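If you want the building blocks of each chain, they are given just below.
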Number of protein chains: 2
Amino acid sequence: MLDRLKSALSAYDPDDTYLVAVSGGMDSISLLHGLTQLGYHHLVVCHANHQLRGQESAEDADFVAELAERYHLSLDSVEMEVAAYAKAHSMSLETAGRALRYEYFDLCADEHGTQRMFLAHHADDQAETVLLNALRGAGLTGLAGMRMRHTLESGLTLIRPLLDVPRSEIETYARAHKLKWRTDSSNASRDFTRNRIRLEALPLLNDIMRRDVAPQLAQLARLSREDDDLLTQLTTKAEEGGVAVANGLISVPDLAKQPAPIQRRLILRWLRAHEVPEVGLKEVSTVLGLLKTAKLARVNLPGGLQVRRKARTLTIAKQ
Amino acid sequence: MLDRLKSALSAYDPDDTYLVAVSGGMDSISLLHGLTQLGYHHLVVCHANHQLRGQESAEDADFVAELAERYHLSLDSVEMEVAAYAKAHSMSLETAGRALRYEYFDLCADEHGTQRMFLAHHADDQAETVLLNALRGAGLTGLAGMRMRHTLESGLTLIRPLLDVPRSEIETYARAHKLKWRTDSSNASRDFTRNRIRLEALPLLNDIMRRDVAPQLAQLARLSREDDDLLTQLTTKAEEGGVAVANGLISVPDLAKQPAPIQRRLILRWLRAHEVPEVGLKEVSTVLGLLKTAKLARVNLPGGLQVRRKARTLTIAKQ
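Let me begin by describing the structure that accompanies this report.

The rules behind the values
- Residues numbered from 1 in each chain as written.
- Chains lettered and ligands numbered in written order.
- Predicted model: local features only at pLDDT ≥ 70, side-chain atom pairs only at ≥ 80, totals over all residues.
- Heavy atoms only, no water.
- Helix = DSSP H or I, 4+ residues; strand = E, 2+ residues; numbered from the N terminus.
- Buried < 20%, exposed > 50% of the residue type's maximum accessible area, 1.4 Å probe, protein only.
- Areas by Shrake-Rupley, 256 points an atom, 1.4 Å probe, with all protein chains shown as cover.
- Lys, Arg positive; Asp, Glu negative; His and termini not counted.
- Charge placed at Lys NZ, Arg CZ, Asp CG, Glu CD.
- Contact = heavy atoms within 4.5 Å.
- Salt bridge = Lys/Arg side-chain N within 4 Å of Asp/Glu carboxyl O.
- Polar contact = N/O pair within 3.5 Å; in protein donor to acceptor, adjacent residues only side chain to side chain.
- Least-squares fit on C-alpha atoms with pLDDT ≥ 70 in both.
- Axes fitted to C-alpha atoms, helices over the stretch in contact; angles between N-to-C directions.
- Parallel < 35°, antiparallel > 145°, perpendicular 65-115°, else oblique.
- Left-handed = near helix turned anticlockwise from the far one by under 90°.
- Nonpolar A, V, L, I, M, F, W, Y, C, P; charged D, E, K, R; others polar.
- Pairing = 2+ DSSP bridges.
- Right-handed = clockwise from strand over helix to strand, strands pointing away.

Quick notes on the overall build of chain A
(1) Moving on: Looking only at helices and strands, chain A features 13 helices and 10 strands.
(2) Moving on: Judged by the C-alpha coordinates and their principal axes, chain A covers about 70 × 45 × 40 Å.
(3) Moving on: Residues classed as buried in chain A amount to 48% of the 319 residues present.
(4) Moving on: Carbon and sulfur atoms form 49% of the exposed surface of chain A, whose accessible area is close to 15,400 Å².
(5) Moving on: Of the side chains in chain A, 40 bear a positive and 41 a negative charge, and the two mean positions are spaced by 10 Å.

Here's what the structure looks like:
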């Protein structure tokens, strides 16, 4: 694991300051250990306590705090009201947890004056994500999975140096170094679907294919990422070349001239720019339906928004 | 089923002549019935007897022959030596069967003076194909799955008008019309991997995702197809724009200028044009390795071929 970690980190100066997300589980504990072995000493250990497992959650937080002290690293931890937030916003615990976690990470970045954070996602996490996205009918962007380096809108760059490392290698490393970690008892329930993919579907698929399918899914992700990046560049070019998106209007004849993959990506950007909530392929298809028939002149979208076709132009506004 | 079949056939004149591949199973029997219901009467029923199940195979052939007679349709059938061919070429029975079947279909096309053949592949077949390809690490082209209309190099166009129809709808149709069909007892063994995907993996995934994942995988196939088609067009453009491929050489600086998705597709075409056997992503990556390091000057490929980098040019030749 350490060799792979080192090569993934070649662009990151060990003397700089970085945030590290540490839940206390095997993956993040191994990442933290590996980073210190490689000479990264200006790390801020960030721990988000989701408070979903009572005493167990509190013990995780204590465990991470002690570890940070032992490593002589700064600690930043927070108690989040995930359950209440999920209820208030009619979200799953998983979605609410993620939203609050990323909000907290942004705060950490401001607080500690660094825009870079290490995360412990590994190759098996990636395989789960890619398979889940495939089963949800996602296009290329979903198949591309998690990226090794990804900058959020807030400016925070997430770095996943273990993304090509299988979980088994991390476990070997953790055991070899006699590391201690916490086991999250809710791992088997909080995100039911993802857990069943990990615990039931992937082992069956490995057995059927007579090999570990995770590297194959990771390869699919890598190829999808390359293809998607190129199509994204072409979309930007189309936008700059005259398909008016930025000013809030889209010219129907301009859009119609584009190939389907560019049309989809342009509309997706346009809807996102207008903050249509949870926009996906379904909403994009709905809007593209306006190009297919002269009969349809308006379609409704989530969030009380409506797209209208008028004088060969698409506009978006509140219903 | 019939409505969907009709709409998928809108471009095909019922008075023209078409081949129909009929194994005798539920799917092809339903397709044949549906076609005659929709007024297609100049059909040639093509049956390839793989002779892998002794008496049962012979009975299938008789069953299809009787059906063709009852429908007053021409019959073309052949007995293929699949097992011997597989052995002679060290292939799986599945691969050998497919190779011989397509060779036979080409002969049928010549014999009966039509370049169009209907096949009974449906949405669940498509889901199996897409999932299998994803698990094999295939890129976009594999994820695109089977196409509703696809012209082979021989000129024969395969048309799959049931590709969007779930198997359950076909079964409903077959039962409603009291159709009789043959059940292939080796379906559960001949292509072990594909059968386990159908009988074990897909039911588990449906259960985990709490929905039928086949339409989701079909959507993934559709999106991948659109994206792949655009990238294929761009590859052709790059080829026409100067990346010399046709004359057997590739200019390294020209190739290096292309984005990764175009590089991959150019090399794949080049290797296929030079008839590198069973060429895939692995071989493409091997060749692209020549661009990454000055140390490597030649790589070996299957079929005793070798690619060399010399004077900033890639050439391919026998070792």
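Section: the interface of chain A and chain B
Interface size is commonly expressed as the accessible area that is lost once the parts come together.
(1) Moving on: Contacts between the two partners involve 39 residues from chain A, matched on the other side by 39 residues from chain B.
(2) Moving on: Linking chain A to chain B there are eight salt bridges.
(3) Moving on: In this structure, Asp227 of chain A engages Arg265 of chain B in a salt bridge whose closest nitrogen and oxygen atoms are separated by 3.1 Å.
(4) Moving on: Along the contact surface separating chain A from chain B lie 14 residue pairs in polar contact (both at pLDDT 80 or more).
(5) Moving on: Among the elements of the structure, α6 (123–135), α7 (140–143), α9 (192–209), α10 (214–240) and α12 (260–273) of chain A are those that each provide at least two residues to the side of chain A that touches chain B.

Here's the deal with the relation of the copies chain A and chain B
(1) Moving on: Structural alignment of chain A on chain B gives an RMSD of 0.1 Å, achieved by rotating through 180 degrees and translating 0.0 Å along the axis. This pairing of chains is accounted for by a two-fold axis. No C-alpha of chain A lies nearer the rotation axis than that of Ala201 of chain A, which sits 3.6 Å from it.
(2) Moving on: With an isologous cut-off of 70% or more, the 100% of interface residues of chain A that recur at the interface of chain B puts this contact in the isologous class.

Details of the packing of α12 of chain A against helix α13 (residues 281–292) of chain A
For any two helices packed against each other, the geometry is given by the interaxial angle and the distance between the axes.
Residues and elements named next belong to chain A.
(1) Moving on: One way to put it is that α12 packs onto α13 with a least axis distance of 9 Å and a crossing angle of 110 degrees. Here α13 runs roughly perpendicular to α12, going by the angle between their axes. Regarding α12 and α13, the two cross each other, and that crossing is right-handed. Contacts between α12 and α13 pair Gln263, Arg264, Ile267, Leu268, Trp270 and Leu271 from the former with Leu281, Glu283, Val284, Val287, Leu288 and Leu291 from the latter.
(2) Moving on: Grouping the amino acids of the contact of α12 with α13 by side-chain chemistry returns nine nonpolar, one polar and two charged.

Comments concerning the pairing of strand β3 (residues 74–79) of chain A
All names here are of chain A.
(1) Moving on: Pairing of strand β2 (residues 43–49) with β3, which is carried by six bridges, proceeds in the parallel orientation. Opposite Ala48, over in β3, you have Val78 as the bridge partner.
(2) Moving on: Taken together, β2, helix α3 (residues 54–70) and β3 constitute a β-α-β crossover, and its handedness is right-handed.

Things to note about the pairing of strand β10 (residues 313–318) of chain A
Residues and elements named next belong to chain A.
(1) Moving on: Of the strand pairs in this sheet, strand β7 (residues 249–251) and β10 are connected by three bridges, and their pairing is antiparallel. If you follow Ser251 over to β10, its bridge partner there is Thr313.
(2) Moving on: Relative to β10, strand β9 (residues 305–310) runs antiparallel, the two sharing six bridges. Within β10, the residue paired with Lys310 across the bridge is Thr313.
(3) Moving on: A loop of two residues connects β9 with β10, the two strands running antiparallel in sequence, and Ala311 in this loop sits at a positive phi of about 50 degrees.

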